Amino acid sequence: GAGVSQSPRYKVAKRGQDVALRCDPISGHVSLFWYQQALGQGPEFLTYFQNEAQLDKSGLPSDRFFAERPEGSVSTLKIQRTQQEDSAVYLCASSLAGTGAYEQYFGPGTRLTVT
Amino acid sequence: AQSVTQLDSQVPVFEEAPVELRCNYSSSVSVYLFWYVQYPNQGLQLLLKYLSGSTLVKGINGFEAEFNKSQTSFHLRKPSVHISDTAEYFCAVSERVLGSNYKLTFGKGTLLTVNP
């Protein structure tokens, strides 16, 4: 079946612009996660949704980052007034449930470059 | 808070040779352990996971890992690698704590390069 999809795959933004990154999780998956992967690093947790509820946003690096999942399926990660340090690959993952025992399925990521 | 250390950033090996990718973790509570593989321009794919029970875990593509609680390690092994195993490998942990056991903490990754 279809996996997790993300769009766009690549995004170039000028410093100060706002960007929106989309994630389509696997149908029926209750839990959705966003991670940030800087060059040469492992992914770092940003935020977690269970259905439409954002249960954990402890990893969001600043108040310029905002995520939503209004209908409990598609999610959008928005970054306002982008800075060069925001350049990274943003990964979305979904799972059947929000416990560690359930596999998180990852999308291909959106590579954001801020110039 | 938990942390993960992958001791080798790059591991070059020849085809059909055995390989071990090392992973150590630190946590004040019990953990779940995972290995993910990332091929170029693709998302992460789960290779294997340790939740409980037998400390030797077998995964996809002929990989296996052994959980060693006393050494806080979860090393990944394959007895004979193929060119197609060339990829970045990430070790990850999550805490066995209700309400926070969804949060994966990753190591920095090990680039496995298999040469002919």
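Described in the following lines is the structure provided in the data block. A quick note: this is a predicted structure, and the numbers were derived from the prediction, not measured. Each chain has its residues counted from 1, following the order in which its sequence is written. Written order decides the labels, with chains lettered from A and ligands numbered from 1. Only residues with pLDDT of 70 or above have their local features reported here, since the model is predicted, and side-chain atom pairs are shown and tallied only from 80 upward, although totals for entire chains, interfaces and linings are computed over all residues. With hydrogens and water excluded, all non-hydrogen atoms of the structure serve as input to the side-chain values.

## Topic: the pattern of salt bridges
Phase 1 of the analysis: A pairing counts as a salt bridge when a side-chain nitrogen of Lys or Arg comes within 4 Å of a carboxyl oxygen of Asp or Glu. Inspection of the entire model under this criterion finds 9 salt bridges over all chains.
Phase 2 of the analysis: The partner of K103(B) in a salt bridge is D56(A), with the nearest N and O atoms 3.4 Å apart. With K103(B) in the loop between strand 10 (87–95) and strand 11 (105–106) and D56(A) in strand 6 (residues 53–56), this residue pair bridges two chains.
Phase 3 of the analysis: Relative accessible area serves as the criterion here: at 10%, D56(A) is assigned to the buried category.
Phase 4 of the analysis: With a shortest N-O distance of 3.7 Å, E66(B) and R77(B) are connected by a salt bridge. Of this pair, E66(B) sits in strand 8 (residues 64–68) while R77(B) sits in strand 9 (residues 73–78); the two residues are 11 residues apart in sequence, bridging distant segments of the chain.
Phase 5 of the analysis: You can call R77(B) partly exposed: its relative accessible area is 27%.
Phase 6 of the analysis: Look at the salt bridges and you will find they share partners, linking E20(B), E66(B) and R77(B) into a network. Labels follow the DSSP assignment, with helices taken as runs of H or I lasting at least four residues and strands as runs of E lasting at least two, numbered in each case from the N terminus. Only protein chains enter the accessibility calculation, which uses a 1.4 Å probe; a residue whose area is less than 20% of its type maximum is buried, one above 50% is exposed, and one in between is partly exposed.

## Topic: the interface of chain B and chain A
Phase 1 of the analysis: Every residue pair with non-hydrogen atoms within 4.5 Å of one another is taken to be in contact. Every contact between the two is made by 20 residues of chain B and, on the other side, 23 residues of chain A.
Phase 2 of the analysis: Simply put, the buried area is the total loss of 1.4 Å probe accessible area from both parts when two parts are fitted together. A combined buried area of about 1,700 Å² lies between chain B and chain A, and 53% of that area is made up of carbon and sulfur atoms.
Phase 3 of the analysis: Linking chain B to chain A there are 1 salt bridge.
Phase 4 of the analysis: Polar contacts, as used here, are pairs of N or O atoms within 3.5 Å; protein pairs need one atom able to donate a hydrogen and one able to accept it. Residues neighboring in sequence count only if both atoms are side-chain atoms. Viewed at the interface, chain A and chain B are joined by 5 residue pairs in polar contact (both at pLDDT 80 or more).
Phase 5 of the analysis: Ranked by residue count, the leading element in the side of chain B that touches chain A is strand 5 (residues 31–38) of chain B, at 4 residues.
Phase 6 of the analysis: For the side of chain B that touches chain A, the per-class residue count stands at 10 nonpolar, 7 polar and 3 charged. Residue polarity is assigned by list, with Asp, Glu, Lys and Arg as charged and Ala, Val, Leu, Ile, Met, Phe, Trp, Tyr, Cys and Pro as nonpolar; anything else, Gly included, falls into the polar class.

## Comments concerning the packing of aromatic side chains
Phase 1 of the analysis: Think of it this way: a Phe, Tyr or Trp ring, Trp meaning its six-membered ring, pairs with another when their centres are within 6.5 Å, and the plane angle makes it stacked under 30 degrees, edge-to-face over 60, tilted otherwise. Taken as a whole and judged by the stated rule, the model has 17 aromatic pairs over all chains.
Phase 2 of the analysis: When the centroid spacing of 5.0 Å and the interplanar angle of 15° are considered together, the rings of F33(A) and Y48(A) count as stacked. Of this pair, F33(A) sits in strand 4 (residues 31–37) while Y48(A) sits in strand 5 (residues 44–50), and the two are 15 residues apart along the sequence.
Phase 3 of the analysis: You can call F33(A) buried: its relative accessible area is 1%.
Phase 4 of the analysis: Summarising the aromatic geometry, the rings of F90(B) and F106(B) are spaced 6.4 Å apart at their centres and angled 90° between planes, so their arrangement reads as edge-to-face. A residue pair is termed long-range when its members are at least 10 positions apart, and F90(B) in strand 10 and F106(B) in strand 11 qualify at 16 residues. As far as burial versus exposure is concerned, F90(B) and F106(B) are alike and both buried.
Phase 5 of the analysis: By the ring-pair criterion, three or more aromatic residues cluster together here, those being F33(A), Y35(A), F45(A), Y48(A), F106(A), F34(B), Y36(B), F90(B), Y102(B) and F106(B).

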